[in-house]
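Tertiary structure, described
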Amino acid sequence: MSNDAAGATPTTISIPSPAGPAGEGGPETERPRLGLGASLPPADARAKTEGTFPYAADLWAEGLLWAAVLRSPHAHARIVSIDTSAAAEMPGVRAVVTHEDVPGEALYGRKVVDRPVFAAGLVRHHGEPIAAVAADHPDTARLAAAAIAVEYEVLDPVTDPEKAFEAEPLHPDGNLIRHIPLRYGDPEATGEVVVDGLYRIGRQDPAPIGAEAGLAVPRPDGGVELYTASTDPHTDRDLAAACFGLEPERVKVVVTGVPGATGDREDPAFQLPLGLLALRTGCPVKLAATREESFLGHAHRHPTLLRYRHHADAEGRLVKVEAQILLDAGAYADASSESLAAAVAFAGGPYVVPHALIEGWAVRTNNPPSGHVRGEGAMQVCAAYEGQMDKLAAKLGIDPAELRMRNVLATGDILPTGQTVTCPAPVAELLTAVRDHPLPALPKDAPEDDWLLPGGPEGAGEPGAVRRGVGYALGMVHMLGAEGADEVSTATVRVHDSVATVICAAVETGQGFATLARQVVQETLGVEEVHVASVDTDQPPAGPATHGRHTWVSAGAVERAAKMVRTQLLQPLAHKFGMSTELLQITDGKITSYDGVLSTTVSEALDGKELWATAQCRPHPTEPLDESGQGDAFVGMAFCAVRAVVDVDIELGSVRVVEMAVAQDVGRVLNPSQLATRIEAGVTQGIGAALTENLRTARGLVRHPDLTGYALPTSLDAPEIRIVKLIEERDVVAPFGAKPASAAPVVTSPAAVAAAVRAATGRPVNRLPIRPQAAVATPKG
């Protein structure tokens, strides 16, 4: 912790110590292979498994105060008055803050500055912060927050995104956040066969592991330090500094205890009240949000309405795709513009689309906020265009896999945005792999007592009502940011006494960056012991942990810095033996020359020296989509094929996923076990979106904001997940040639499950998650 004032007494921060490195204290095992391509275990695996991992909720500081936030019980209301006197007078209460106490900018936002720190004048969604309290005890803080008297004039909420166009503006900027009218080819083109569809995608919550929590500590220089599980610390610092009326240098964000993230891990609405209360009281302040507060506050997947019309010729080859895509952004813009760009660009899927006419809109409503959730935009359209492909196959009498094969995208083809696919796009090979993989055995091949019916081992259904379905889906996602986003990242590698340290502000969110950084240094320098420093904003920025950024730009920066250190290490040896450094190699901690004359260890070559280097990695630039939806908006793309096998009780409408076969375009396998885990987790998250996960609302009010009312898939719901093929066709413009692994199966799996339910029931299945009534087969005759 920084202490800029001479003689000032620093505040002590206590963070529980995690367990030792993975495998420490266990039985003797063979020494694992190091470097890229090895299954190096995560350093924090043991701590997370044993429950000793230091989450942000475990933070403590001397003289700690506790915070509580008062949230709106209404989705849309005018604030007539706020009376904080009763709360301020309660014993133990140290401060109460509202919108009037924000010293800097009253609004914030990562892309569009439209969200208030505290509601001022209007409440725009259920759970919006109204005020915050700091007190000596958490119960006192909660009681004081409840004692704040707010008089509301309740207004009719705008909850239907289709009605947002004509509704009264919910924000000075209006209700329309972005409109993308994509035109490609001949808009008048038609096909011999036409199918229409209307699709609805529900609101999926990221449901992060562990409480969203943080600690704010005032600094002697009048600034503040925020200890949180941030996934984008530099952006969070800049937002906080603007709201606090401070220079960014006087606000420090220290990343601590990130248990995992599938999008934005921390809602700034939790962090900003913390900092304000710490600055007001001069004391450390802690806030640990309840699960209900998390459901109400952080961003969710955009609920989406999609209207599609596909044109094809008599052979099933696509002629034109028409689509209307409407994203419900909730009360504020957040990441809706980027999500809409992905949805519109990938609206035709990984298929050759000669002509396209696609309209996309993102609008504000009084529903819960939407934002970054893994595969945003791409997941919603995948469910729709794959539903359309199944309709085409049924209408033409063609096998669904064969119809897809006749239309698959390949390297050199052109997206409807006009961008040429220059990266590897082995879509046909992926589809072939899942199609040809053996199907699981039918239940009739096992004793009836061993059947696992839809609904569980003691399911209420009868075996005679169970139908099996097989469905296919192809999905695609973009890598890194899009539309001109600057994706630079910076890293420093330092080596001393045969121990390397990596300093990079890329946050480890469970995607494996910390492990990958260790492997990169081991591979490049032959140093076995590698530490990755904790992250804070005193380091150069590395950007958010989304779209596989850190596998590409941050690990790329680590590699460049490590190679610079390698040159420093080898140059004296090369000079001594009269050869270039290119003729020397490092393997298993040994330095050898091509001719065998030189052979020494890395430790001997270091000879106590400290070597270090700092490097940046920045991919080639992209451009925004123009007024016709055209432009080279994406750095690269990754593809996935999934075959789902489901059993459906056609009388009860219950669904059991039997098996998911996955083939994925990964570029290069950097850590086999970690990659398999990421794919399996992505498939499971996709199954949740397909069958159970839907944050339900009534007139904008969240119903059952808890893990009882919101049904996450558990280990009992996870089917057999078979990774049948990983295609390692390296992307030449990417460091290591690797592609992101997690988002593609999340995007593709829900569509595959829906396709399998269609096959089992004959029903259209046009809504996710799939409701029981949609899985009940229509009686024949």
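Note that this is a predicted model, so its numbers are computed, not measured.

1. Digging into the overall build of the chain
Each helix and strand counted, the chain has 15 helices and 33 strands in total. For 781 residues, the compact-globule formula gives about 28 Å, and the C-alpha radius of gyration of the chain, at 27 Å, lands near that figure. In terms of overall dimensions, the chain has C-alpha extents of about 85 × 85 × 60 Å along its principal axes. Across the 781 residues that make up the chain, the buried fraction comes to 57%. Within the chain, contacts between residues at least 6 apart in sequence are counted, and of these 80% link residues at least 24 apart. Working note: accessible area of the chain is about 30,300 Å², and carbon and sulfur atoms make up 50% of it. Positive and negative side-chain charges in the chain, numbering 66 and 98 respectively, have mean positions lying 3 Å apart.

2. Thoughts on the nonpolar core
Tyr308, Ile325, Phe346, Phe639, Val753 and Val757 are the most contacted members of the largest nonpolar core, which totals 103 residues. Residues contacting Val753, with those up to four places away along its chain left out, are Ala644, Val646, Val657, Met660, Ile687, Ala690, Leu691 and Ile770.

3. A look at the sheet that holds strand β14 (residues 224-228)
Read across the open sheet, the 7 strands follow the order β5-β9-β3-β16-β13-β14-β15; overall the sheet is mixed. Single-partner strands in this sheet number two, and they are β5 (93-97) and β15 (251-255). Taken pair by pair, the neighbouring strands of this sheet meet at an average axis angle of 20°, ignoring direction. Each of β14 and β15 is contacted by helix α4 (residues 233-244), which is oriented at about 145° to β15, the strand it contacts most.

4. Points about the packing of helix α8 (residues 378-396) against helix α15 (residues 743-761)
Between α8 and α15, whose axes approach to 8 Å, the crossing angle comes to 30°. Classified by the angle between their axes, α8 and α15 sit roughly parallel to one another. As for the relative orientation of α8 and α15, their crossing is right-handed in sense. Mapping the contact onto sequence places Ala378, Met379, Cys382, Ala383, Glu386, Gly387 and Asp390 in α8 and Val746, Val747, Thr748, Pro750, Ala751, Ala755 and Arg758 in α15.

5. Details of helix α3 (residues 138-147)
Of all the residues in α3, the buried ones are Thr140, Ala141, Ala144 and Ala145. Down the axis of α3, the smallest arc covering the buried residues is 135°, so these residues share one side. Away from its buried face by more than 90 degrees, α3 exposes Leu143 and Ala146. Elements that come into contact with the buried residues of α3 comprise β3 (65-71), α2 (85-88), β5 and β9 (129-135).

6. Description of α15
With 19 residues, α15 should cover 27 Å at 1.5 Å per step; its first-to-last C-alpha distance of 29 Å lies within 8% of that length. Two residues or fewer past α15, Gly762 is found with a positive phi of approximately 80°.

7. Concerning the environment of Val658
The topology assignment puts Val658 in strand β29 (residues 655-665). Taking the C-alpha atoms as reference points, Val658 and Leu442, separated by 216 residues in sequence, lie 9.9 Å from one another. Residues contacting Val658, with those up to four places away along its chain left out, are Pro440, Arg468, Val645, Val646, Asp647, Pro719 and Glu720.

8. A closer look at the sheet that holds strand β26 (residues 599-601)
In sheet architecture, strand pairing relies on hydrogen bonds along the backbone and comes in two forms, parallel and antiparallel. Read across the open sheet, the 3 strands follow the order β24-β25-β26; overall the sheet is antiparallel. Two strands bound the open sheet, and with one partner strand each, they are β24 (584-587) and β26. With strand direction ignored, the average angle separating the axes of adjacent strands in the sheet is 25°. Docked against the sheet, helix α12 (residues 549-576) engages β24, β25 (590-593) and β26, running at close to 125° with respect to β24.

9. Brief notes about the pairing of β29
Among the 11 residues in β29, 11 count as buried, and that is most of the element. Across 9 bridges, strand β28 (residues 634-649) lies against β29 in antiparallel orientation. By the bridge assignment for β29, Val646 is matched with Val657. Between β28 and β29, which pair antiparallel in sequence order, lie 5 residues; one of them, Gly653, sits at a positive phi of approximately 80°.

10. Quick look at the pattern of salt bridges
All chains considered together, the criterion is met by 36 salt bridges. The closest approach of N and O atoms between Asp139 and Arg142, which form a salt bridge, is 2.5 Å. Placement of the pair is Asp139 and Arg142 together in helix α3, with a separation of 3 residues, close to one helical turn. Overlapping salt bridges, with partners in common, bring together Glu386, Asp390, Arg404 and Arg758 in one network.

11. Examining the packing of α4 against helix α5 (residues 268-281)
Any two packed helices are characterised by how steeply their axes cross, that is the angle between the axes, and by the distance between the axes. It is the contact of α4 with α5, at a shortest axis distance of 10 Å, that shows an interaxial angle of 45°. Overall, the two elements α4 and α5 adopt an arrangement that is oblique. Viewed along their axes, α4 and α5 form a crossing whose handedness is right-handed. Contact residues: α4 offers Asp236, Leu239, Ala240, Cys243 and Phe244, while α5 offers Pro268, Gln271, Leu272, Gly275, Leu276 and Leu279.

12. Notes on the environment of Ala331
Following the sequence through the fold, Ala331 ends up in the loop between β18 (318-330) and α7 (336-345). A residue is classified by how much of its surface remains accessible, and Ala331, at 1% relative accessible area, is buried. Each C-alpha atom, one on Ala331 and one on Trp60, is 34 Å from the other, the two residues being 271 residues apart in sequence. Not counting chain neighbours up to four residues away, the residues in contact with Ala331 comprise Arg124, His125, Arg364, Thr365, Asn367 and Pro369.

13. Notes on the packing of aromatic side chains
In the structure shown here, the tally under the stated rule is 6 aromatic pairs. When the centroid spacing of 5.2 Å and the interplanar angle of 75° are considered together, the rings of Phe53 and Tyr55 count as edge-to-face. Summarising the aromatic geometry, the rings of Tyr351 and Tyr385 are spaced 6.1 Å apart at their centres and angled 85° between planes, so their arrangement reads as edge-to-face. Of this pair, Tyr351 sits in the loop between α7 and β19 (355-364) while Tyr385 sits in helix α8, and the two are 34 residues apart along the sequence.

14. Brief notes about the confidence of the model for the chain
In regions of low pLDDT, the predicted coordinates are not meant to be interpreted in detail. When pLDDT is averaged across the chain, the result is 90; 92% of the residues are at 70 or more. When the criterion is pLDDT under 50, residues 1-31 qualifies, and its contacts beyond four places in sequence or with other chains add up to 57 contacts.

15. Points about the side chain of Arg71
By the secondary structure assignment, Arg71 is in strand β3. A distance of 2.8 Å separates a polar atom in the side chain of Arg71 from the backbone oxygen of Gly127. Here Glu293 takes part through its side chain, which lies 3.4 Å from a polar atom of the side chain of Arg71. Apart from residues no more than four positions distant in its own chain, Arg71 is found in contact with Gly127, Glu128, Pro129, Ile130, Phe270, Glu293 and Gly297.

16. Some words on the pairing of strand β16 (residues 285-288)
The pairing of β3 with β16 spans 2 bridges and is classified as parallel. If you follow Leu65 over to β16, its bridge partner there is Val285. With 4 bridges joining them, strand β13 (residues 213-218) and β16 adopt antiparallel strand pairing. Residue Ala216 lies in a different strand from β16, and its bridge partner there is Val285.

17. Brief notes about the side chain of Ser339
Looking at where Ser339 falls in the secondary structure, it is placed in helix α7. Among the residues examined, Ser339 registers a relative accessible area of 0% and is labelled buried. Not counting residues up to four positions away in its chain, the partners in contact with Ser339 are His302, Leu327, Gly371, Glu376 and Gly377.

What counts and how
- Going along each chain's sequence as written, the residues are numbered from 1 onward.
- Only residues with pLDDT of at least 70 get local features here, since the model is predicted, and only at 80 or more are side-chain atom pairs given and counted; chain-wide, interface and lining totals rely on the full set of residues.
- Calculation of side-chain values draws on the structure's entire complement of heavy atoms; hydrogens and water are dropped beforehand.
- Secondary structure elements are defined from DSSP: runs of H or I of at least 4 residues count as helices, runs of E of at least 2 residues count as strands, and each element is numbered from the N terminus.
- Our radius of gyration looks at C-alpha atoms and nothing else; its globule reference is 2.2 Å times the residue count to the power 0.38.
- For every residue, the accessible area (1.4 Å probe, protein chains only) is compared with the maximum for its type, and the residue is labelled buried under 20%, exposed over 50%, or partly exposed between those bounds.
- The contact definition used throughout considers only heavy atoms, calling two residues in contact when any of these lie within 4.5 Å.
- We get accessible surface area from the Shrake-Rupley algorithm with a probe of 1.4 Å; when it comes to residues, only the shown protein chains can shield them.
- When charges are counted, Lys and Arg are positive and Asp and Glu negative, with His and the chain ends excluded.
- To locate a charge, take NZ of a lysine, CZ of an arginine, CG of an aspartate or CD of a glutamate.
- As used here, the term nonpolar core means buried Ala, Val, Leu, Ile, Met, Phe, Trp, Tyr and Cys residues forming a set that is joined through side-chain atoms within 4.5 Å.
- Strands qualify as paired when DSSP identifies two bridges or more between them.
- Here an angle of 0 to 180 degrees is reported between the N-to-C directions of two axes, which are lines fitted to C-alpha atoms, with helices fitted over the stretch in contact.
- For classification purposes, an angle smaller than 35 degrees is called roughly parallel, one larger than 145 roughly antiparallel, one from 65 to 115 roughly perpendicular, and anything else oblique.
- By the definition used in this description, the sense in which the near helix is turned from the far one sets the handedness, with an anticlockwise turn below a right angle giving left-handed and a clockwise turn giving right-handed.
- The arc in question is the one traced by the directions running from the helix axis out to the C-beta atoms.
- Between the first and last residue of a helix there are one fewer steps than residues, each counted as 1.5 Å, and that sum is the expected span.
- A side-chain nitrogen of Lys or Arg and a carboxyl oxygen of Asp or Glu constitute a salt bridge if their distance falls within 4 Å.
- Two aromatic rings from Phe, Tyr or Trp, using only the six-membered ring of Trp, form a pair when their centres are within 6.5 Å; if the ring planes differ by under 30 degrees the pair is stacked, by over 60 it is edge-to-face, and anything between is tilted.
- Across the chain, each position has a pLDDT score giving the predictor's confidence in that residue, from 0 to 100.
- For this analysis, a polar contact is any N or O atom pair within 3.5 Å, provided that within protein one partner can donate a hydrogen and the other can accept it, and provided that sequence-adjacent residues contribute only side-chain to side-chain pairs.

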